[in-house]
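Reading the structure
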Amino acid sequence: MPDYQVLARKYRPQRFSDVIGQSAIVTTLKNAIKFNRLAHAYLFCGSRGTGKTTLARVFAKALNCQQPTADGEPCNTCSSCKEIAAGTSLDVLEIDGASHRGIDDIRQINETVAYSTASGKYKIYIIDEVHMLTKEAFNALLKTLEEPPPKVKFFFATTEPHKVLPTILSRCQRFNLNRIPTVDIIEKLQKIATDLGVSIQSEALHLIAHRADGGLRDAESLFDQIISFHEGAMTTESVAGALGIMPRDILFTFDRAGKDGNLAFAFEITQQLFSQGKDLIHFMESLTDHFRSILMVKLAGKTASFLSLTEKEREQYEASAKLYRQEQCVEILDFLIEAQNQIKYSSSARITLEAVLLRIIRSHQRIPIELLVKKLAELEQQVATLPKPMVVSTPISSASAINGTTNTTPPPPPQVKQQEVIMPVSTPATTAPAAVLMTAVSMTEDPTPSNSDLGIKTKKASKSKEKLPPAVSATEQAALLKEPVAVELGARPTEEVYKIDIKTQSRYDTILQFTAVELEGVIQKKSFR
Ligand SMILES: [Zn+2]
């Protein structure tokens, strides 16, 4: 039985044209050979699995190939190409910087650079994970790097270029490798699947590519693992199961549950993840990605080219995008990014996730800020038409100012002694919006509105029955102590409550009253300047 070769090695690019996602770098390297403008040292930087060592090897092959093609590709058939591919070439030496990081290792290199090449044109040192070298080792390398013998080249690869000494960096031609686009990874996986004769749904490939996050080797390793896991055809569900992730459908169900205000679904979904042993942190990442996609669809439409989604997912995202407001998506994304950090350090990831899901569901019930701004603008216009106010100093409770009642209110809070109340010069306006404004002009020093400022009768107030002035009649007391309407600021308002109607005393009026108070304050300041 022949040794099994993992997919990442079996399908490793052997020529420049096989390298995916790095076309600019490939062009530069090919031109360097073509126009004979070779540097002493090259540094390939990039995250894992993006093809750093692969590029270095293909470049080394192309430089030493005995019969390169017209466009600078290695032939892959000459002895040099074969030796480099097999890792047995005496002219191309691969050194692992992580395990050969000391000064002695570098001294060995320094001693061997002077020897001529065995058969190839160049002697090439490929040092992987070069950032792992010690400072002394780097310094020992400096001199050789500055003026190497004519036929010696250094190719460095690193995931952490910031750890490489600046003196080394300045002696290298640096290439930053891109993360490989999801579509390119899918294409490569599809080719591998066809070559191996395995059948897999394109959505399943999408899941793998997405999970690999721009690293081709990761995608190939995952694909390898999934092929071993399956006997028959690979479906999206089975691949999601093998990867330990939830299928995206649950996220679309969550969107609909959120719109319906189904708070219990937050617990349901967490329980499901928890009982199936899914990674909650990974789910949080998928959730963030989900809202990112929703926002992108909202902003650019489902056909946007930068969306790496399947046709079915584009449809689903379009439907979900209609359930959210644009601003809401931005807010959700903002706190999901914060929550991603929180969940990593949380003692209970489960509760953190539940709280996050609840918050997303509740975000459907917030009053859109644009609407408040619009109403505020309307109020401002109405105020502009009112007569110029004058200031009368009189002791008056804030609650009575708000409610427009003078004799049936609880005593004023102790901190309110003296207040400035604006009285119109002419007869008080009697239209509803103006009445709201005129009754809401009392300003305490503390800008935070108390319940009485907002015209809310609290339970606490109802308990202070004995403190009420004796002049208040029994019927008036009964009316005053009536069980107050609970104010849920988060509840979704209907169209009617947006209309300012003082008679309905709708709970949303309190918010608008508060904004009106602030607005009046601003206008007052301006009119006295
Ligand atoms: Zn060759």
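First things first, this report covers the structure right here in the doc. (Residues numbered from 1 in each chain as written. Predicted model: local features only at pLDDT ≥ 70, side-chain atom pairs only at ≥ 80, totals over all residues. Heavy atoms only, no water.)

Let's talk about the overall build of the protein chain
Within the protein chain, the secondary structure is distributed over 23 helices and seven strands. Restricting to contacts in the protein chain with at least 6 residues of sequence separation, those with at least 24 account for 75%. Accessible area for the protein chain stands at about 28500 Å²; split by element, carbon and sulfur atoms hold 54% of it. (Helix = DSSP H or I, 4+ residues; strand = E, 2+ residues; numbered from the N terminus. Contact = heavy atoms within 4.5 Å. Areas by Shrake-Rupley, 256 points an atom, 1.4 Å probe, with all protein chains shown as cover.)

Overview of the pattern of salt bridges
Following the criterion strictly, the structure yields 16 salt bridges and no others. For the salt bridge of E94 with R57, the shortest nitrogen-to-oxygen distance reads 2.4 Å. Highlighted residues: E94 in strand β2 (residues 92-96) and R57 in helix α3 (residues 52-64), separated in sequence by 37 residues. Look at E94 and you get partly exposed, because its relative accessible area is 41%. Judged by relative accessible area, which is 21%, R57 ranks as partly exposed. Between E354 and R350 there is a salt bridge, and its shortest N-O distance comes to 3.7 Å. You can see E354 and its partner R350 sitting in helix α17 (residues 349-362), four residues apart, about one turn around the helix. Residues participating in the shared-partner salt-bridge network are K30, D71 and E73. (Salt bridge = Lys/Arg side-chain N within 4 Å of Asp/Glu carboxyl O. Buried < 20%, exposed > 50% of the residue type's maximum accessible area, 1.4 Å probe, protein only.)

Examining the coordination of the zinc ion
Within the protein, C65 (SG), C75 (SG), C78 (SG) and C81 (SG) serve as the donor atoms for the zinc ion, at 2.2 Å. Because the angles between the four donor atoms bound to the zinc ion fall within 97 to 124 degrees, the donor set is best described as tetrahedral. Within one chain, the residues serving as donors to the zinc ion are arranged as C-x9-C-x2-C-x2-C. A residue pair is termed long-range when its members are at least 10 positions apart, and C65 in the loop between α3 and α4 (79-86) and C78 in the loop between α3 and α4 qualify at 13 residues. What makes C78 buried here is its relative accessible area of 4%. (Donors = N, O, S within 2.8 Å, 3.2 Å for Na, K, Ca; no water. Tetrahedral: all angles 85-135°; square planar, octahedral: opposite > 155°, others 65-115°.)

Digging into the pairing of strand β3 (residues 123-128)
Among the six residues that make up β3, five are buried, leaving the element largely enclosed by the rest of the structure. Alignment of β2 against β3, held across five bridges, turns out to be parallel. Looking at β3, one finds that E94 is bridged to I126. Judged from the five bridges that link them, β3 and strand β4 (residues 152-158) form a sheet pairing that is parallel. Looking at β4, one finds that Y125 is bridged to F154. With respect to chirality, the unit in which β3 leads through helix α6 (residues 135-146) into the neighbouring parallel β4 is right-handed. (Pairing = 2+ DSSP bridges. Right-handed = clockwise from strand over helix to strand, strands pointing away.)

Digging into the environment of I245
Mapped onto the fold, I245 is located in the loop between α11 (236-243) and α12 (249-259). In this structure I245 touches L207, R211, A240, K278 and H282, once residues within four positions along its chain are discounted.

Re the nonpolar core
The biggest cluster of nonpolar side chains holds 38 residues, and the ones touching the most others in it are F283, L287, F291 and I360. The element that contributes the greatest number of residues to this core is helix α14 (residues 280-300), accounting for nine residues. If sequence neighbours within four positions are ignored, F291 has contacts with F254, D255, Y324, I332, L333, L336 and I360. (Core = buried A, V, L, I, M, F, W, Y, C linked by side-chain atoms within 4.5 Å.)

Brief notes about helix α15 (residues 311-321)
Taken residue by residue, α15 has E313, R314, Y317, S320 and A321 as its buried positions. Taken around the axis of α15, the buried residues stretch over an arc of 125 degrees, which confines them to a single face. (Arc of directions from axis to C-beta.)

A look at the sheet that holds strand β1 (residues 41-45)
Ordered in space as β2-β3-β4-β1-β5, the five strands form an open sheet in which the pairing is parallel. Two strands lie at the open edges of the sheet, namely β2 and β5 (173-176), each paired on one side alone. When the angles between neighbouring strand axes are averaged without regard to direction, this sheet yields 15 degrees. Contacting β1 and β5, helix α2 (residues 23-34) crosses the sheet at an angle of about 150 degrees to β5. (Axes fitted to C-alpha atoms, helices over the stretch in contact; angles between N-to-C directions.)

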